[in-house]
Amino acid sequence: MGKNAGTKPEVTVVIPNYQGIKYIGACLDSLYGGSMVPEVIVVDNGSKDGSAELLAKLTSKRGNGKYPSCRLVRFRENRGFPAAVNTGIRLAKAGYVILLNNDTEVDRDFVKNLYRAIRRRKDAFSVSAKVLSLRQPETIDDAGDLYCSLGWAFALGKGKKRTAYRKNAEIFASCACAAVYRKSVFETIGYFDENHFAYLEDIDVGYRARIAGYDNIYCPTALVYHVGSGTSGSKYNSFKVKLAARNSVYLNYKNMPWPQLMFNLPGILAGIGLKYGFFNKLGFGKDYLEGLKEGIRTAKNCRKVPYKRE
């Protein structure tokens, strides 16, 4: 499904990159080796590991770049995941935008299957891919995201065999590690919230889309292989725990009208207690509490989503 120069692409892939020297080359190789080659935009978040220089070489227009059609945008400092993807989304020429982590490798039909899936559903804001572990490819990493009454967001299917979750399904939100979005909807609901910096921003934007009447879908035939924690370096660390705790406050404060927030408060407080106990055992209890305190203190900087009575 190639395109002539100058024609509008059907889909754009936006890859945020930060310290991705180990992964970004393989990510681009798999993307350009696919059955449907999209417009590609890489937004580098002030990387200091040489990956920005590698990308400059790969995307060079002077005849020696491997992928000269790939557009590279470079930030001087790390402005966070939402700022990077928002920049890419706004620059995208296509009406459908796939967000893809730099520590992924995609299946040959990944782009084509996501593109077809979202075009089939006029009411869909996003379609999430089936994310498999790159190191253990028979294991699911994510099959769409859910959000429960305890105030927890979690990945469907995590740790299960790849043969599970074989049917299309509606989900709460798409995992922005590998998902396609209908660009026009961002103009209605707003872009990724840059207050988040990292973590839960994909749950937040999916939540806002649902409030506006759009659906989020899971597509099992769009396969991608994910290293996981390629940027942060580990599953749990002080930075990650603190930001996720803070952003969980933002998520509830922004998207729930006050009556709903009060109704759900007992469950949310129970969830906070359970999470504190879990992180305290791992040595991150103080970080978790600091994140919650910062979230409560700064939530006023977030714009609440207007509640619309049906």
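Here, the structure is the one placed above.
Notes on the structure follow. (Residues numbered from 1 in each chain as written. Predicted model: local features only at pLDDT ≥ 70, side-chain atom pairs only at ≥ 80, totals over all residues. Heavy atoms only, no water.)

**Remarks on the overall build of the protein chain**
Rules: Every helix listed is a DSSP run of H or I at least four residues long, and every strand listed is a run of E at least two residues long, numbered separately from the N terminus. Between the two quantities, the radius of gyration covers C-alpha atoms and the globule rule is 2.2 Å times the number of residues to the power 0.38. Should any heavy atoms of two residues lie within 4.5 Å, those residues are considered in contact. Here the Shrake-Rupley method, with its probe set to 1.4 Å, supplies the accessible areas, and only the displayed protein chains count as covering residues. Only four residue types enter the charge count: Lys and Arg as positive, Asp and Glu as negative, with His and the chain ends excluded. Lysine's charge is taken at NZ, arginine's at CZ, aspartate's at CG and glutamate's at CD.
Looking only at helices and strands, the protein chain features nine helices and twelve strands. Radius of gyration (C-alpha) of the protein chain: 19 Å, near the 19 Å computed for a compact globule of 310 residues. Its C-alpha atoms put the protein chain at 60 × 45 × 40 Å along the principal axes. Partitioning the contacts of the protein chain with sequence separation of at least 6, the portion at a separation of at least 24 is 76%. Only carbon and sulfur atoms are counted for the fraction: they give 53% of the accessible area of the protein chain, which is about 14,800 Å². With 48 positive and 28 negative side-chain charges, the protein chain shows a separation of 1 Å between the mean positions of the two kinds.

**Topic: the side chain of asparagine 113**
Here asparagine 113 is to be found in helix α4 (residues 110-120). The residues contacting asparagine 113, other than those within four sequence positions of it, are Cys219, Thr221 and Ala222.

**Describing the packing of aromatic side chains**
Heads up, the condition is: When two rings of Phe, Tyr or Trp (its six-membered ring) have centres within 6.5 Å they constitute a pair, described as stacked for plane angles under 30 degrees, edge-to-face for angles over 60, and tilted for the intermediate range.
This model, assessed by the stated rule, comprises 19 aromatic pairs. Centre to centre, the rings of tyrosine 32 and tyrosine 67 are 4.3 Å apart; their planes meet at 10°, and the pair counts as stacked. One end of the pair, tyrosine 32, is in helix α1 (residues 24-32); the other, tyrosine 67, is in the loop between α2 (51-58) and β3 (71-75), and 35 residues separate them in sequence. Their ring planes at 80° and their centres at 5.7 Å tell us that tyrosine 181 and phenylalanine 192 sit as a pair that is edge-to-face. Placement of the pair is tyrosine 181 in strand β11 (residues 178-182) and phenylalanine 192 in the loop between α5 (183-189) and α6 (201-211), with a sequence separation of eleven residues.

**Topic: helix α8 (residues 258-281)**
We count it as follows: To estimate the expected span of a helix, subtract one from its residue number and multiply by 1.5 Å. Two axes are fitted around each residue, one to the seven residues ending there and one to the seven starting there, and the angle between them is reported as the bend at that residue. Exposure classes here rest on a 1.4 Å probe applied to the protein chains alone. A residue is buried below 20% of its type maximum, exposed above 50%, and partly exposed in between.
Taking 1.5 Å of rise per residue, 24 residues should cover 34 Å, and α8 covers 33 Å from first to last C-alpha, within 8% of that figure. Maximal helix bending in α8 amounts to about 50°, located at leucine 265; proline proline 266 follows within four positions. Here α8 has its buried residues at Leu261, Asn264, Ile268, Gly271 and Phe279. Turning to α8, the residues buried within the fold contact α7 (238-255) and α9 (285-298).

**Structural notes on a nonpolar patch on the surface**
We count it as follows: Excluding any residue in a salt bridge, patches collect residues exceeding 30% relative accessible area, merging like charges within 9 Å and nonpolar Val, Leu, Ile, Met, Phe, Trp and Tyr side chains within 5 Å. The term salt bridge refers to a side-chain nitrogen of Lys or Arg lying within 4 Å of a carboxyl oxygen of Asp or Glu.
Together, Trp258, Met262, Leu265 and Leu269 give the surface a local cluster of nonpolar side chains, amounting to about 400 Å² of exposed area. Within the fold, tryptophan 258 resides in helix α8. For tryptophan 258, a relative accessible area of 47% corresponds to the partly exposed category.

**So, the packing of α8 against α9**
For any two helices packed against each other, one specifies the crossing angle of their axes together with the interaxial distance. To keep it simple, the criterion reads: Whenever a helix is involved, its axis is fitted only over the stretch in contact; in every case the axis is a line through C-alpha atoms, and angles between N-to-C directions fall within 0 to 180 degrees. Each residue receives one of three labels: charged for Asp, Glu, Lys and Arg, nonpolar for Ala, Val, Leu, Ile, Met, Phe, Trp, Tyr, Cys and Pro, and polar for the others, Gly being one of them.
The interhelical angle for the contact between α8 and α9, taken along N-to-C directions, is 145°, at an axis separation of 7 Å. Residue-level contacts link Ile272, Lys275, Tyr276, Phe279 and Asn280 of α8 to Gly285, Tyr288, Leu289 and Leu292 of α9. Class assignment for the residues of the contact of α8 with α9 results in six nonpolar, two polar and one charged.

**Digging into the nonpolar core**
Which entries qualify depends on this criterion: Among buried residues, those of type Ala, Val, Leu, Ile, Met, Phe, Trp, Tyr and Cys that are joined through side-chain atoms within 4.5 Å constitute a nonpolar core.
In terms of nonpolar packing, the biggest core is built from 37 residues, with Ile15, Leu28, Leu100, Phe110 and Leu114 touching the most fellow members. Of the residues forming this core, the biggest block, six residues, is contributed by α4. Residue contacts for leucine 28: discarding those within four places in its chain leaves Ile15, Val40, Val42, Leu55, Leu58, Tyr67 and Cys70. Among the nonpolar cores identified, the runner-up in size contains 23 residues, and Phe81, Ala84, Leu99 and Phe192 belong to it.

**Brief notes about unusual backbone geometry**
A positive phi angle, close to 55°, is found at tyrosine 165, a residue other than glycine. Here tyrosine 165 lies in the loop between β9 (153-155) and β10 (169-171). Although it is not a glycine, leucine 200 adopts a positive phi angle of roughly 70°. Inspection of the secondary structure puts leucine 200 in the loop between α5 and α6.

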